[in-house]
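# Notes for the structure review
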Amino acid sequence: MKVVITDHRFPDVEQERRAVEAAGGKLVVAQTVEEQELTELCKDADGVLTVRAPITKRVIGAMERCRIIVRYGIGVDSIDIPAATARGIMVANVPDYCVDEVSDQALTLLLMLSRQMISAISLAKEERWVISKMPAIHRLRGQTCGLAGCGKIGSLLAGKAAALGMRILIHDPYLTESRAREIGAELVSLDALLGRSDFISLHMPLNDKTHHLFGEASFKKMRSTACIINTSRGGLIDEAALLAALDSGKIFGAGLDVMESEAAFTRTGIALVNHPKVIVTPHTAWLSVEARETLQARAAAQVVACLKGETPYGLINRALAK
């Protein structure tokens, strides 16, 4: 039994090695996102663990005996799921390892934007202790937090924002009215969310329907005083449109933990990172010692479970459930 790690961001992968070897297998560790290298690497793998590597139709087509691909994380847009399903290969994620951390990060970005922390820090560093130089700051209590998508992370953020006295709006085509009432939120259309929210936090998967959902048309519908926060997937936002909206004053600010151009920054990406109205963190919303340990353990456990003939708990292509 051969299990391949295509790439990772961890200090070590000893948890995975112990789990695979205890099951009688061999762990092969690489650090590549190149399609040709991935094709060769995964050709004879029984199981694959991956983070950023694109597991394309070509890579999957070369797999001779793979039974499962597990992504270290929640989003699985880097994996061609239809191609894997057609080959009978299970695809799984780890959906619950960092819900506290990501909801905390989204709230942190919201608070930093609300309190104009970047401007305040810059003034302090310049030794300019003059409040007249600060942008307008409004009391957070009574403002509206809009959630675009409301799964585990969005639900946690809703509770945290409500505890600060914020009104909660949710746009989620899969959420029921009764669940929205349980959360203490109002279920609305996307247009209503855009038009009524002071802060919009994104918690959607990335797919053909949601790619660049937040672009020029969406930013035109937002309040000029509103901010957008993304701790989900970078491709949800059209970065060029976001930059234009910020520069033209169509929206007030942005807090980004994920960006479409993370692998190789474009001019637009660089401009956003350095923009005075934008707070960018380097895809670390998920990060804590506890989350990392949980992620590695649960990802490896799902590979081993599948290779033992069991159904992994994070299975995405449920048609292959045993």
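What you see is a predicted model; the values in this text were computed from it and never measured.

## Quick word on the pairing of strand β4 (residues 68-71)
Here β4 shows no split at all, with Ile68 and Val70 on one side and Ile69 and Arg71 on the other all buried. As paired strands, strand β3 (residues 47-50) and β4 are joined by 4 bridges and run parallel to one another. Looking at β4, one finds that Leu49 is bridged to Val70. One ladder, built from 3 bridges, connects β4 with strand β5 (residues 90-92); its direction is parallel. Considered in β5, the bridge of Val70 is made with Ala92.

## Focus: the nonpolar core
One broad trend across soluble globular proteins is that nonpolar side chains are buried collectively. With 28 residues, the main nonpolar core has Leu49 and Tyr72 as its most contacted residues. Of all elements in the fold, only β1 (2-5), β4, β5, α5 (99-114) and α13 (289-307) reach the threshold of two or more residues within this core. Residue contributions to this core peak at 6 residues, all from α13. With residues near it in sequence (within four places) discarded, Leu49 still touches Val3, Val4, Ile5, Thr6, Glu16, Val70, Tyr72, Ala299, Ala300 and Val303. Listed in part, the 27 residues of the second largest apolar core include Leu169, Val188, Leu193 and Ala254.

## A short note on the sheet that holds strand β10 (residues 227-230)
Read across the sheet, 7 strands follow the order β8-β7-β6-β9-β10-β11-β12 without closing on themselves; strand pairing throughout is parallel. Each of the sheet's edge strands pairs with one partner strand only, and the pair in question is β8 (186-187) and β12 (278-280). As paired strands, β10 and strand β11 (residues 253-256) are joined by 4 bridges and run parallel to one another. Bridge pairing in β11 links Cys227 to Gly253. Lying on the sheet, helix α11 (residues 239-248) is in contact with β10, β11 and β12; it crosses β11 at an angle near 145 degrees.

## Side note on the side chain of Arg71
Structurally, the position occupied by Arg71 is in strand β4. For the buried residue Arg71, which engages in no salt bridge, the nearest side chain bearing the opposite charge is Asp77, 6.2 Å off. In terms of polar contacts, Arg71 uses its side chain to reach the backbone carbonyl oxygen of Val51, at 2.9 Å.

## Details of a nonpolar patch on the surface
A cluster of nonpolar residues, Phe265, Ile270 and Val273, forms a patch on the protein surface that exposes about 240 Å² of accessible area. Tracing the backbone shows Ile270 in helix α12 (residues 267-273).

## A closer look at the pattern of salt bridges
According to the stated counting rule, one finds 13 salt bridges in the structure shown. Residue Arg298 is joined to Asp96 by a salt bridge in which the shortest nitrogen-to-oxygen separation is 3.1 Å. Residue Arg298 is found in helix α13, and its partner Asp96 is found in the loop between β5 and α5; the two are separated by 202 residues along the sequence. On the basis of relative accessibility, which here comes to 33%, the residue Arg298 falls in the partly exposed class. By relative accessible area, which is 29% here, Asp96 ends up partly exposed.

## Thoughts on the layout of surface pockets
Regions of empty space are outlined by a rolling probe, equal in size to a water molecule, passed over the atoms. Of the voids in this model, the largest pocket is the one considered here, and its volume is about 1400 Å³. As for the largest pocket, its lining consists of 49 residues, of which Ile74, Met204, Pro205, Leu206 and Ser232 are closest to the centre. When contributions to the lining of the largest pocket are tallied by element, the ones reaching two or more residues are α5 and α7 (152-163). Here the element with the most residues in the lining of the largest pocket is α7; it accounts for 3 residues. Taken together, the residues that form the lining of the largest pocket break down as 26 nonpolar, 13 polar and 10 charged. In this structure, the second largest pocket occupies an estimated 490 Å³ of space. Along the walls of the second largest pocket sit 20 residues, with Arg52, Asp77, Arg233, Glu260 and Glu262 positioned nearest its centre. Its residues placed into classes, the lining of the second largest pocket shows 8 nonpolar, 6 polar and 6 charged.

## Observations regarding the sheet that holds β3
What links the strands of a sheet is backbone hydrogen bonding, and the strands pair in either a parallel or an antiparallel sense. Pairing is parallel across the open sheet formed by 5 strands, whose spatial order is β2-β1-β3-β4-β5. Sheet topology places β2 (26-29) and β5 at the edges, where each strand pairs with a single neighbour. On average, each strand axis in the sheet is inclined to that of its neighbour by 15 degrees, with strand direction left out of account. Note: β1 against β2, 4 bridges, orientation parallel. Looking at the pairing, Lys2 lines up with Lys26 of β2. Strands in contact with helix α2 (residues 35-42) are β1, β2 and β3; relative to β1, the strand with the most contacts, it is inclined by about 160 degrees. Contacts between α13 and the sheet are confined to β1, β3, β4 and β5, with β4 contributing the most and set at about 170 degrees to the helix.

Basis of the calculations
Residues numbered from 1 in each chain as written. Predicted model: local features only at pLDDT ≥ 70, side-chain atom pairs only at ≥ 80, totals over all residues. Heavy atoms only, no water. Buried < 20%, exposed > 50% of the residue type's maximum accessible area, 1.4 Å probe, protein only. Helix = DSSP H or I, 4+ residues; strand = E, 2+ residues; numbered from the N terminus. Pairing = 2+ DSSP bridges. Core = buried A, V, L, I, M, F, W, Y, C linked by side-chain atoms within 4.5 Å. Contact = heavy atoms within 4.5 Å. Axes fitted to C-alpha atoms, helices over the stretch in contact; angles between N-to-C directions. Lys, Arg positive; Asp, Glu negative; His and termini not counted. Salt bridge = Lys/Arg side-chain N within 4 Å of Asp/Glu carboxyl O. Polar contact = N/O pair within 3.5 Å; in protein donor to acceptor, adjacent residues only side chain to side chain. Patch = residues over 30% accessible without salt bridge, like charges linked within 9 Å, V, L, I, M, F, W, Y side chains within 5 Å. Areas by Shrake-Rupley, 256 points an atom, 1.4 Å probe, with all protein chains shown as cover. 1 Å grid on protein atoms, 1.4 Å probe; cavity = no way out; pocket = protein on both sides within 12 Å on 5 of 7 lines; lining within 4 Å. Points joined across faces, edges and corners; volume = space filled by probe spheres on them. Nonpolar A, V, L, I, M, F, W, Y, C, P; charged D, E, K, R; others polar.

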